[in-house]
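Residue-level structural notes
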Amino acid sequence: MAIVLPQKMDKPAKELKEAELTPQEIVAELNKYIVGQKAAKRAVAIALRNRYRRRKLPPELADEVAPKNILMIGPTGVGKTEISRRLARLTSSPFLKIEASKFTEVGYVGRDVESMIRDLVRISVDMVKQEKVKEIIEKAERNVEERLLDVLLPPLRRRGDSVESSEQLKFRETREKLRAQLRRGILDERMIEIEVREKMASPFEIFSSSGVEEIGIHIQEIIPGFLGGKSKKRKVKVKEAREYLLEDEQKRLIDMDQVANLAVERVEHSGIIFLDEVDKIAGRESGRGPEVSREGVQRDILPIIEGTTVNTRYGLVRTDHILFIGAGAFNVSKPSDLIPELQGRFPIRVELTSLDKKDFIRILIEPENALEKQYKALLKTEGIRVKFTEEAIDEIAVIAEKVNDTAENIGARRLHTVMEKVMEDISFEAPSIKKKNITIDRKYVREQLKDIIEDEDLRRFIL
């Protein structure tokens, strides 16, 4: 059985890279957030390790080794997306989730399929840029401090060839005093005048036969000052000036050409695209209706997965070794309804199973980012200590399973709805609650959900 777990906001405590991860370690890391789905975890672990192995092969052989793309089959809310997302986060790989059905929303044209590669490259550029910022942040902050001190205390003007020694000594002492005050935040509210560059408007977009494209040329590079980019003097507080100047220093210290090259290389060798709702485009051409569009979309996606070269604003990107993970419920259609060429590009098939009461109990308490732990942490910020009894957890799991059986089965996502209704009163009244120790038991859960559980129509509407 498998469990979809809620997203954790913080990064994993241990930054693991692809080369350091064995398949067993990958599965162990995924187990911290996703319970069950052993087959799916093993499949993605092997696929990831194979990419590392490929890079150790001679170049002529490495080019021949195709990625082992995976097709995940299972109902909503059982962990398909979460497995892929966690996999990308483990290895700091560029990751994009996109719905295959987006390419059919505008009839036969739809969205340009190559846009998924351009989006992935933009994500990769942002990732590499953030890494470069961490490398130069200390130097940038030092430069900002010196620039602020130059504004607060302009450098002495030289008289002839030199400055009088007493005057120079006094200047240095004053500058060091200001530096100490600046670091302690004493000068944060002081108004100063600095030169800032106006931010340019978003890049132009044009509609072409292949969809919406960005013009990859910044107009202000051709005509300085056009649509922003012109410098002007502004009076701001020191703390605001620090932000402006820090951003300016980062732009000056980071080589964007190098960032773009690294980002493209990372996409080509480590990129992961999660193609959701593949079952929505499964269908053979019948000669009329939406079936034509479905097969057309499959044929458009096929070259991207097979391996082609896509033109992006950061250069040409080869898709030969990007890992594609397809997913879908396939409750109406079957994987065999896909065109044969596309089926062949997803050699690994794994089926994810539905969730039951035991799975819901585990999702509530076991993972590092379990729902129970999240609610406890949230209410602790108000000074309230919440305790869930085993009976309460059991009751929440029973209700979630029951609602999934009688209404639409949305897997573990049902737990979010049930838990929110259970905790609604406490969350609302938390700032004014005098009793700081609260125990949630089976009786409390039933009281909170009594009306909803008894009224089937209301249950379908609320839960």
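A brief look at the structure comes next. (Residues numbered from 1 in each chain as written. Predicted model: local features only at pLDDT ≥ 70, side-chain atom pairs only at ≥ 80, totals over all residues. Heavy atoms only, no water.)

1. Some thoughts on the sheet that holds strand β7 (residues 272-276)
One open sheet holds the five strands; their spatial order is β2-β7-β10-β1-β11, and the pairing between them is parallel. Of all the strands in the sheet, the pair left with one neighbour each is β2 (95-99) and β11 (348-351). Direction aside, the axes of adjacent strands within the sheet are offset by 20 degrees on average. Of the strand pairs in this sheet, strand β1 (residues 70-73) and strand β10 (residues 323-328) are connected by four bridges, and their pairing is parallel. Within β10, the position partnered with I73 by the bridge is G328. Together, β2, β7 and β10 form the strand contacts of helix α5 (residues 115-152), whose direction differs from that of β2 by roughly 150 degrees. (Pairing = 2+ DSSP bridges. Helix = DSSP H or I, 4+ residues; strand = E, 2+ residues; numbered from the N terminus. Axes fitted to C-alpha atoms, helices over the stretch in contact; angles between N-to-C directions. Contact = heavy atoms within 4.5 Å.)

2. As for the packing of α5 against helix α8 (residues 238-253)
Two numbers describe how α5 lies on α8: the axes approach to 8 Å, and their chain directions differ by 130 degrees. With respect to α8, the axis of α5 lies oblique. As α5 packs across α8, the resulting crossing turns out to be right-handed. Across from V133, I136, I137, K139, A140, E141, N143, V144, R147 and L148 in α5, the residues of α8 making contact are V238, A241, R242, L245, L246, D248, E249, Q250, R252 and L253. Looking at side-chain class alone, the contact of α5 with α8 contains 11 nonpolar, two polar and seven charged residues. (Parallel < 35°, antiparallel > 145°, perpendicular 65-115°, else oblique. Left-handed = near helix turned anticlockwise from the far one by under 90°. Nonpolar A, V, L, I, M, F, W, Y, C, P; charged D, E, K, R; others polar.)

3. What about unusual backbone geometry?
Not every positive phi belongs to a glycine, and Q37 is a case in point at roughly 50 degrees. Among the secondary structure elements, Q37 is positioned in the loop between α1 (23-31) and α2 (38-55). Among the residues examined, Q37 registers a relative accessible area of 6% and is labelled buried. Here S92, not a glycine, exhibits a phi torsion of approximately 55 degrees, which is positive. Among the secondary structure elements, S92 is positioned in the loop between α4 (80-91) and β2. With relative accessibility at 15%, the residue S92 sits in the buried group. (Buried < 20%, exposed > 50% of the residue type's maximum accessible area, 1.4 Å probe, protein only.)

4. What to know about the pattern of salt bridges
All chains considered together, the criterion is met by 35 salt bridges. A salt bridge links E82 to R86, with the nearest nitrogen and oxygen atoms 3.1 Å apart. Of the two residues, E82 and R86 are both situated in helix α4; the distance of four residues between them amounts to about one turn of the helix. With a closest N to O distance of 3.2 Å, R362 and E366 form a salt bridge. Assessed through its relative accessible area of 35%, R362 is described here as partly exposed. Owing to a relative accessible area of 44%, E366 belongs among the partly exposed residues under this scheme. Shared partners join several salt bridges into a network, and the residues in it are E145, E146, D150, R175, E176, R179 and R183. (Salt bridge = Lys/Arg side-chain N within 4 Å of Asp/Glu carboxyl O.)

5. Regarding the pairing of β7
With five of its five residues buried, β7 lies for the most part within the structure. Of the two faces of β7, the one carrying I272, F274 and D276 and the one carrying I273 and L275 are both buried. Note that β2 and β7 share five bridges and pair parallel. Each residue of the ladder has a partner; that of K97, found in β7, is F274.

6. Here we look at the side chain of E249
Position of E249 among the secondary structure elements: in helix α8. A distance of 2.6 Å separates the side chain of E249 from the side chain of R252, its partner in a polar contact. Residues within four places of E249 in sequence aside, it is in contact with A140, N143, V144 and R147. (Polar contact = N/O pair within 3.5 Å; in protein donor to acceptor, adjacent residues only side chain to side chain.)

7. Topic: the environment of T91
Positionally, T91 belongs in helix α4. T91 gets classed as buried once you look at its relative accessible area, which sits at 7%. T91 sits 179 residues away from S270 along the chain, and the two C-alpha atoms are 8.6 Å apart. A distance of 3.3 Å separates the side chain of T91 from the backbone oxygen of L87, its partner in a polar contact.

8. A look at the nonpolar core
The biggest cluster of nonpolar side chains holds 59 residues, and the ones touching the most others in it are M72, I325, V422, M423 and I440. Looking at this core element by element, the count peaks at seven residues for helix α14 (residues 390-406). What M423 contacts, discounting residues up to four positions off in sequence, is Y375, L379, V386, F388 and I440. By size, the runner-up hydrophobic cluster in this structure holds 40 residues, among which are I98, I273, I281 and F330. (Core = buried A, V, L, I, M, F, W, Y, C linked by side-chain atoms within 4.5 Å.)

9. Things to note about the packing of aromatic side chains
In total, this model carries zero aromatic pairs according to the counting rule given. We note R86 situated over the ring of Y33; from NZ or CZ to the ring centre the distance is 4.0 Å. (Phe/Tyr/Trp six-rings, centres within 6.5 Å; stacked < 30°, edge-to-face > 60°. Lys NZ or Arg CZ within 6 Å of the ring centre and 35° of its normal.)

10. Focus on a negative patch on the surface
Taken together, the side chains of E390, E391, D441 and E447 make up a negatively charged region of the molecular surface. Counting through the fold element by element, E390 comes out in helix α14. On the basis of relative accessibility, which here comes to 69%, the residue E390 falls in the exposed class. (Patch = residues over 30% accessible without salt bridge, like charges linked within 9 Å, V, L, I, M, F, W, Y side chains within 5 Å. Areas by Shrake-Rupley, 256 points an atom, 1.4 Å probe, with all protein chains shown as cover. Lys, Arg positive; Asp, Glu negative; His and termini not counted. Charge placed at Lys NZ, Arg CZ, Asp CG, Glu CD.)

11. Thoughts on α1
What α1 keeps buried is the set I26, V27, E29 and L30. Seen along its axis, α1 keeps its buried residues to an arc of 160 degrees; they face one direction. Turning to α1, the residues buried within the fold contact α2 and α4. (Arc of directions from axis to C-beta.)

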